[in-house]
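Report on the structure
Residues per chain are reported as follows:
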Amino acid sequence: MSKTLQAIRGMRDILPNEMTTFHTVEAGIRELMHGYHYQEIRLPVLESTELFKRSVGEETDIVGKEMYSFLSRSDEPMTLRPEGTAGCMRAGIEHGLFYNQTQKFWYLGPMFRYERPQKGRYRQFQQWGVEAVGIEGHQIELEMILLGARLWQILGITDKIQLQVNSLGSPACRQHYRALLQKHFHQARDQLNEAELQRLARNPLRLLDSKNPALAELIASAPRLDMHMSNEAKAHFAALTQALTEMGISFVHNPHLVRGLDYYQHTVFEWVTEALGAQNAVAAGGRYDGLIEQLGGQPSSAVGFAMGVERVAALLKEDSIPKVMPDVAVFAVDNDIAVQVQAWTESLRDALGLSWSITMDHQGGSHKNQSKRADKLGARASLLIDKDAWEAKAAPIKTVDGWVSVPLGKVAEWLRLNLTQEKV
Ligand code: ATP
Ligand code: MG
């Protein structure tokens, strides 16, 4: 026998028994996005490598070491998208959607990052992303945070998720702060490993969220950005935190929250959980006003965030969502009436509509075996139609209340009347 093939490392199959959880999350997202009037946008998973270099930034972990990049057959450098903001902004600029107008977009789809796979960290994972373009001021940041808060509420996981916020200040504040940080960490250069030395040179802010315990003290004693921010940047952040307080949304100001992508400025935020071990980030985002111009568009304000669907699904799974059973299971007990029963089942589907989940069994076998399979399927009603029943134009129906025989022409009506308690 030849060797069986397996999925590529870090690429995860989402099996049918997990789908209910994913559907719950996705349905919550769609309901929420409708309710706040955000427009869905669907974007390619493949983009030019240049796009991510110019947006996410060459010195970031994502572009530096996590991208699936390759040359196309015509030697163009391309990349499986590691995140959605860059592509969304590229599309908006390309189609003139940001020209003198505001937009509120959302998307849901796979992202790809070459990371070390572990629980909650995959090489293909799904993100729900939200982007609002052309809106200044802290109110839109507040709206982004309210979207997250309301989704946790819809999904019943509010008490598992906490909000952290921070401000990176304006690009000018950040430039000034960068130099201060370099000076601070430089004096302890010998405590830094190779990667950290690189960060120190290229992206010193990232040292602040380092998990290396040897750096803990240095990080704690590092200068704080909020002490070196312009008054304008301070006021912007204060307005947001005050609004959060007024609306009763609890948050922690984490001065070390810097985010791994270069395009952020002013407000950044992250929703974190303690329920998923090391993978504690559920969703994250912030303001990225400079990005559209950087990609060749008109200067424009922009705010957004992205949520990891697998991580939220994992939070839900702990509450174990029950398996969805079919409403009705139809068995043609005798093989020679199988097609007739299948045709009749189509008329049953016509009569009830597709909100009724009706499964048809095609495996044949003895009445006893089919009856056993019916019990295993757990449909609310099982119809075991054998030749005698077919000739008598009646369907033997089994429910929790036992057996009943119903004329074929009246089955739809009977099911509607007798199984309606939970069915709309
Ligand atoms: P982390 O700190 O876990 O690496 P990140 O800062 O790289 O996260 P973002 O780029 O902000 O993550 O992406 C937003 C969200 O996408 C994260 O909060 C997380 O829920 C999810 N996410 C990111 N990378 C992965 C991954 N490799 N597998 C599963 N989910 C992921
Ligand atoms: Mg990451």
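Remember, predicted model here, so these are calculated numbers, not experimental data.

**Re the overall build of the protein**
- Scanning the protein for helices and strands turns up 15 helices and 16 strands.
- Out of the 424 residues belonging to the protein, those deemed buried represent 49%.
- Across the protein, the fraction of contacts at a sequence separation of at least 24, relative to all contacts at a separation of at least 6, is 69%.
- Here the protein holds 46 positive side-chain charges and 50 negative ones, and the gap between their average locations is 4 Å.

**Digging into the site of ligand 1**
- In the vicinity of ligand 1 there are 15 residues, among which Arg113, Glu115, Tyr122, Arg259 and Arg311 approach most closely.
- Arg121 places a polar side-chain atom, nitrogen or oxygen, 2.9 Å from an oxygen atom of ligand 1.
- Elements represented by at least two residues in the shell around ligand 1 include exactly β6 (124-133), β10 (281-287) and β11 (302-308).
- Taken together, the residues of the shell around ligand 1 break down into seven nonpolar, three polar and five charged.

**Focus on the side chain of Gln127**
- Residue placement: Gln127 occurs in strand β6.
- Leave out the neighbours within four places in its chain, and Gln127 touches Glu83, Gly84, Tyr107, Leu108, Gly109, Met111, Arg113, Ala306, Met307 and Val309.

**Points about the pattern of salt bridges**
- Per the counting criterion, the structure on display carries 18 salt bridges.
- Look at the salt bridges and you will find they share partners, linking Arg30, Glu40 and Arg42 into a network.

**Brief notes about the packing of aromatic side chains**
- What the rule picks out here adds up to seven aromatic pairs.
- Centroid distance Phe98 to Phe105: 6.3 Å. Interplanar angle 45°. Geometry classified as tilted. In this pair, the class of Phe98 matches that of Phe105, namely buried.
- Taken together through their ring pairs, the aromatic side chains of Trp128, Phe269 and Phe305 make up a single cluster.
- Arg12 extends its terminal NZ or CZ atom over the ring of Tyr122, reaching a point 4.9 Å from the ring centre.

**Notes on empty space enclosed by the protein**
- Under the defined criterion, the tally for this structure stands at two cavities of 30 Å³ or more.
- What the largest cavity holds in volume is close to 50 Å³.
- Taken together, Leu168, Arg174, Asn203, Leu205, Arg206, Val258, Arg259, Gly260, Leu261 and Asp262 make up the lining of the largest cavity.
- Looking at the lining of the largest cavity residue by residue, the classes come out as four nonpolar, two polar and four charged.

Rules behind the numbers
- Residues numbered from 1 in each chain as written.
- Chains lettered and ligands numbered in written order.
- Predicted model: local features only at pLDDT ≥ 70, side-chain atom pairs only at ≥ 80, totals over all residues.
- Heavy atoms only, no water.
- Helix = DSSP H or I, 4+ residues; strand = E, 2+ residues; numbered from the N terminus.
- Buried < 20%, exposed > 50% of the residue type's maximum accessible area, 1.4 Å probe, protein only.
- Contact = heavy atoms within 4.5 Å.
- Lys, Arg positive; Asp, Glu negative; His and termini not counted.
- Charge placed at Lys NZ, Arg CZ, Asp CG, Glu CD.
- Near = heavy atom within 4 Å.
- Polar contact = N/O pair within 3.5 Å; in protein donor to acceptor, adjacent residues only side chain to side chain.
- Nonpolar A, V, L, I, M, F, W, Y, C, P; charged D, E, K, R; others polar.
- Salt bridge = Lys/Arg side-chain N within 4 Å of Asp/Glu carboxyl O.
- Phe/Tyr/Trp six-rings, centres within 6.5 Å; stacked < 30°, edge-to-face > 60°.
- Lys NZ or Arg CZ within 6 Å of the ring centre and 35° of its normal.
- 1 Å grid on protein atoms, 1.4 Å probe; cavity = no way out; pocket = protein on both sides within 12 Å on 5 of 7 lines; lining within 4 Å.
- Points joined across faces, edges and corners; volume = space filled by probe spheres on them.

Take it as geometry only, folks, not as evidence of what the structure does.
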